[in-house]
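Secondary and tertiary structure notes
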Protein chains: 2
Amino acid sequence: METMFPVNGVRLGIASAGIKKVGRKDLVIIELAPGTTTAAVFTRNDFCAAPVVLARQHLSQAAPRYLMINTGNANAGTGESGLLAARATVRALAERVGCAEEEVLPFSTGVIGESLPVDKLVAAQALALADLHEDHWQAAAEGIMTTDTRPKVASVRIPFGDHYFSITGITKGAGMIRPNMATMLSFVATDLTIAPALLKVALSRAVEQSYHRITIDGDTSTNDACTLSATGASVLPPISSETDSLYLSFCEALESLLLSLAQAMVRDGEGATKFFEIQVHGGLTGRECLDVAFTIAESPLVKTALFASDPNWGRLLAAIGRAGLVNLAIDQITLTLNDVLIAERGQRAASYTEADGVAAMAPVNIVLQVGLNRGTASTTVYTSDFSYDYVRINAEYRT
Amino acid sequence: METMFPVNGVRLGIASAGIKKVGRKDLVIIELAPGTTTAAVFTRNDFCAAPVVLARQHLSQAAPRYLMINTGNANAGTGESGLLAARATVRALAERVGCAEEEVLPFSTGVIGESLPVDKLVAAQALALADLHEDHWQAAAEGIMTTDTRPKVASVRIPFGDHYFSITGITKGAGMIRPNMATMLSFVATDLTIAPALLKVALSRAVEQSYHRITIDGDTSTNDACTLSATGASVLPPISSETDSLYLSFCEALESLLLSLAQAMVRDGEGATKFFEIQVHGGLTGRECLDVAFTIAESPLVKTALFASDPNWGRLLAAIGRAGLVNLAIDQITLTLNDVLIAERGQRAASYTEADGVAAMAPVNIVLQVGLNRGTASTTVYTSDFSYDYVRINAEYRT
């Protein structure tokens with residue numbers, strides 16, 4: 001098990017509210033010390049859930065003291081009554097701990113379209129509060145799981161001068177693949193002192209290079225959220241400038257940590273048997289590299305070939321050809337699979353043999369390099385394959 | 001079997017060239033009488049095959065007299081040598097029949113990245129030419145099949161004044177789903193006399209409302225092509241104006257014919273167990289209706305729910321929410337599945353019961369109506385589901 005460094009100023013409590021299954025840990029409360037600054041990014045889906053609406057609103061009004069997360073029910077597609085239900089659980093917690101309602105952010109994940117069982121949630125709040133402890137990151141990672149097959153955690157302790165700072169985070173979900181399970185939730189904290197504007201910048205940049213670089217099937221959840229809290233408990237000096245070397249060090253560590261959490265979601269993707277890293281280089285712009293990478297990553301034909309360990313370069317070229325690039329010269333394209341050159345100048349490489357291709361596709365981890373050979377931009381995207389289990393899981397989910 | 005009305009001025013010949021399988025009918029030659037005008041639309045994929053390059057070029061230089069179609073080999077991803085091979089087969093046919101090379105359009109469908117067996121194709125041309133007959137549309141539809149499970153044909157005879165005109169067409173493929181099989185080829189002819197510019201307009205409009213309204217998995221083939229030839233053999237007067245009532249009658253019949261061919265491809269889609277008609281209405285623009293319809297149609301989560309006959313309205317709303325519409329009010333959305341109202345104002349309809357939803361999803365043919373309730377634009381798109389067989393067919397295709 002990975003070492004989870006506690007973050008001074010953060011305590012986590014877990015309880016069973018019995019929302020969907022009796023005895024299952026389905027409520028997590030994260031307590032943040034006074035003075036903590038928090039930034040967050042939320043789903044880009046226009047169809048966002050009641051807790052997302054409320055959390056966004058509260059975050060704009062006050063610095064959060066409590067994050068309250070339930071599984072088993074997404075409180076999405078529930079309209080005005082869903083908002084009232086979310087508010088009721090927030091109010092109950094605020095009254096119990098003696099903070100303002102705006103200082104509580106609610107998060108929900110689970111089935112869409114069913115009413116949130118407010119009474120059960122409120123009753124379990126006392127148990128979760130009694131369980132608060134700075135060493136409960138691992139238990140909290142288990143407490144926010146839905147159809148995940150394993151908890152996803154990451155933690156680093158970085159030396160800086162004579163001291164250290166910590167970043168610790170947990171996540172749930174398997175990419176943006178489960179709108180019905182209202183997929184991705186991620187909670188990250190550090191003991192540094194960081195001005196709110198800089199915290200927001202650090203989070204946005206790191207999310208762009210991690211959670212926004214993965215896909216399982218292109219679907220975006222209604223409840224996605226990622227928070228980053230800075231408690232200020234460290235003895236290291238406050239960060240108030242973008243050029244502060246401590247800030248740069250923090251941003252680098254944060255991006256690496258979020259990337260490892262994002263990759264853990266892909267590896268735990270529904271029915272996933274492969275981990276596919278798509279590196280696109282030689283593009284005119286980063287945007288066109290992303291277009292190529294995501295068109296490949298979301299092509300069902302590429303994903304089924306990946307499942308079959310089939311070095312099907314025709315499907316790769318066809319996906320690149322429909323990515324919508326301006327004046328794309330397909331006869332400039334180079335494709336490499338796990339270091340085997342399979343195509344160059346838009347056709348099969350002279351040196352390529354089917355046996356080499358099959359050998360290259362055999363491992364679980366596959367790296368595809370796409371050379372566009374028309375510029376200097378590059379990007380990397382991560383995805384998994386489409387298997388029989390993907391169909392089974394998503395076809396049988398509600399039955 | 002459907003009645004296939006011959007089109008005066010068009011003869012079709014079928015032969016076995018033994019390209020991939022000995023004895024399989026894999027070469028079709030369509031002969032067009034002198035004076036025939038032909039329009040065509042080709043794949044939008046930047047990675048287009050050698051025959052597409054050549055056919056486009058020839059069409060810009062002369063009115064075609066011969067369409068030459070082979071299956072078993074797409075002649076795509078074959079670079080300069082692929083172009084030379086396509087030219088060699090065109091030249092051989094032109095010499096044999098005594099026409100200019102530019103009067104021959106080549107079409108290929110099959111595996112990507114393998115060399116076209118020129119000698120076999122050329123040898124079989126004599127057999128196909130000996131087989132030319134105006135009643136061979138059905139045989140030609142079978143001759144252009146690859147992994148299709150059945151031939152796809154459509155034919156109408158429309159009264160106009162004291163006479164009739166005919167439109168007859170064949171198609172192959174199961175949507176835009178098989179770049180590796182270089183999917184969709186369609187050949188349509190009429191005996192009317194139509195000016196080239198008007199023929200092009202009629203074809204573009206009809207394709208927009210038919211082939212561009214279907215999707216199986218969002219992949220676009222490298223070899224897609226659709227041709228429309230007007231032989232002028234009918235006694236009806238030549239069409240030279242867009243407001244000619246005969247032209248309007250022709251355009252209407254053509255669109256209906258292409259739509260039936262396009263729908264036949266969806267019904268024969270790889271692993272398809274359902275036929276899903278997505279009607280989006282109440283949009284601000286046709287473009288945003290299309291964005292919503294295709295986002296739903298290409299969502300793997302929607303398609304697996306469809307396979308499971310699961311009235312999973314959360315996945316439908318989540319797909320609509322990520323379609324990228326400006327200022328979309330999700331609480332205005334209405335969803336109806338086979339006349340059962342399942343969601344209104346962005347949440348479950350008060351009258352809806354799970355039993356009604358399950359009953360609505362049971363048939364093979366499912367009609368989804370999406371009400372955006374913000375304008376007057378509408379559109380309809382057709383697709384199929386994602387089944388175990390879809391994964392099996394595409395994972396095992398080359399093995």
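Reading guide: rules and limits
- Residues numbered from 1 in each chain as written.
- Chains lettered and ligands numbered in written order.
- Predicted model: local features only at pLDDT ≥ 70, side-chain atom pairs only at ≥ 80, totals over all residues.
- Heavy atoms only, no water.
- Salt bridge = Lys/Arg side-chain N within 4 Å of Asp/Glu carboxyl O.
- Helix = DSSP H or I, 4+ residues; strand = E, 2+ residues; numbered from the N terminus.
- Buried < 20%, exposed > 50% of the residue type's maximum accessible area, 1.4 Å probe, protein only.
- Axes fitted to C-alpha atoms, helices over the stretch in contact; angles between N-to-C directions.
- Parallel < 35°, antiparallel > 145°, perpendicular 65-115°, else oblique.
- Left-handed = near helix turned anticlockwise from the far one by under 90°.
- Contact = heavy atoms within 4.5 Å.
- pLDDT = per-residue confidence, 0-100.
- Domains from an automatic or database assignment.
- Buried area = accessible area lost by both parts, 1.4 Å probe.
- Polar contact = N/O pair within 3.5 Å; in protein donor to acceptor, adjacent residues only side chain to side chain.
- Nonpolar A, V, L, I, M, F, W, Y, C, P; charged D, E, K, R; others polar.
- Pairing = 2+ DSSP bridges.

1. Notes on the pattern of salt bridges
For the coordinates displayed, the defined rule picks out 20 salt bridges over all chains. Lys 152 of chain A is the salt-bridge partner of Asp 268 of chain A, the closest N and O atoms lying 2.7 Å from each other. Of this pair, Asp 268 of chain A sits in the loop between α6 (245-267) and β11 (275-283) while Lys 152 of chain A is found in strand β6 (residues 152-160), placing the two residues 116 residues apart along the sequence. Accessibility expressed as a relative area gives 4% for Asp 268 of chain A, which makes it buried. According to the relative accessible area criterion, Lys 152 of chain A is buried, its value standing at 3%. Salt-bridge contacts for Arg 287 of chain B lead to Asp 291 of chain B; the nearest nitrogen and oxygen are separated by 3.2 Å. Of this pair, Arg 287 of chain B and Asp 291 of chain B both sit in helix α7 (residues 286-297), four residues apart, roughly one helical turn. With relative accessibility at 26%, the residue Asp 291 of chain B sits in the partly exposed group. Taken together, the shared-partner salt bridges connect Asp 148, Arg 150, Lys 152 and Asp 268 of chain A into one network.

2. Description of the packing of helix α1 (residues 50-61) of chain A against helix α2 (residues 79-97) of chain A
Residue and element names in this part refer to chain A. At a minimum axis separation of 8 Å, α1 and α2 run at an interaxial angle of 55 degrees. Comparing the axis directions of α1 and α2 gives the class oblique. Every pair of crossing elements has a handedness; the one defined by α1 and α2 is right-handed. In this structure, α1 contributes Ala 50, Val 53, Leu 54, Gln 57 and His 58 to the contact, and α2 contributes Gly 82, Leu 83, Ala 86, Arg 87 and Val 90.

3. Section: the confidence of the model for chain A
Residues and elements named next belong to chain A. Residues of chain A with pLDDT of at least 70 account for 95%, and the chain-wide mean is 90. Predicted confidence is poor over residues 175-182, with pLDDT under 50, and the contacts of this stretch with residues over four places away or in other chains come to 57 contacts. Across the interface, the model reports ipTM at 0.78; the global pTM reads 0.84.

4. Describing the domain arrangement of chain A
Residues and elements named next belong to chain A. What the domain assignment reports for chain A is domain 1 (10-267) and domain 2 (275-396). The C-alpha-based centres of domain 1 and domain 2 are spaced at 33 Å. In this assembly, domain 1 packs against domain 2 so that about 1,200 Å² is buried in total across both faces, 57% of it on carbon and sulfur atoms. Our count for the contact surface shared by domain 1 and domain 2 stands at zero salt bridges. On inspection of domain 1 and its partner domain 2, the count reaches three residue pairs in polar contact (both at pLDDT 80 or more). At the level of elements, β9 (214-215) and α6 are the ones that each hand at least two residues to the side of domain 1 that touches domain 2. Looking at which element gives the most residues to the side of domain 1 that touches domain 2, the answer is α6, with four residues. Of the residues that constitute the side of domain 1 that touches domain 2, the class distribution is four nonpolar, four polar and three charged.

5. Quick notes on the environment of Ala 308 of chain A
All names here are of chain A. Along the chain, the position of Ala 308 falls in the loop between α8 (300-307) and α9 (313-321). In this structure Ala 308 comes out as partly exposed when scored by relative accessible area, which is 24%. Once the C-alpha coordinates of Ala 308 and Thr 109 are considered, the two residues, 199 residues apart in sequence, prove to be 32 Å apart.

6. As for the sheet that holds strand β14 (residues 347-348) of chain B
Backbone-to-backbone hydrogen bonds pair the strands of a sheet. The strands run either parallel or antiparallel. All names here are of chain B. Sheet architecture is open: seven strands sit in the order β9-β16-β11-β15-β12-β13-β14, paired in mixed fashion. Taken across any chain shown, the strands that pair with only one partner, and hence form the sheet edges, are β9 (214-215) and β14. Docked against the sheet, helix α9 (residues 313-321) engages β12 (334-337), β13 (340-344), β14 and β15 (365-371), running at close to 135 degrees with respect to β12.

7. A short note on the sheet that holds strand β3 (residues 37-42) of chain A
All names here are of chain A. The mixed open sheet is built from five strands, whose spatial order is β3-β10-β8-β7-β6. The sheet terminates laterally at β3 and β6, the two strands that pair on one side only. If you compare each strand with its neighbour and ignore which way they point, the axes differ by 10 degrees on average. Pairing between strand β8 (residues 185-190) and strand β10 (residues 225-230): six bridges, direction parallel. In the sheet register, Val 188 faces β10, and the bridge partner there is Leu 228. Relative to the sheet, α6 contacts β6, β7 (163-172), β8 and β10, its axis offset from that of β6 by approximately 160 degrees.

8. Points about the environment of Ala 319 of chain A
All names here are of chain A. Positionally, Ala 319 belongs in helix α9. For Ala 319, a relative accessible area of 0% corresponds to the buried category. Residues within four places of Ala 319 in sequence aside, it is in contact with Thr 295, Ile 296 and Val 302.

9. Brief notes about the pairing of strand β8 (residues 185-190) of chain B
Residues and elements named next belong to chain B. Counting buried residues along β8, six of its six residues qualify, which places the element largely inside the surrounding structure. Neither face of β8 is open: one carries Leu 185, Phe 187 and Ala 189, the other Ser 186, Val 188 and Thr 190, and all of them are buried. Bridge count between strand β7 (residues 163-172) and β8: six bridges; the pairing is antiparallel. Paired with Lys 172 across the bridge in β8 is Leu 185.

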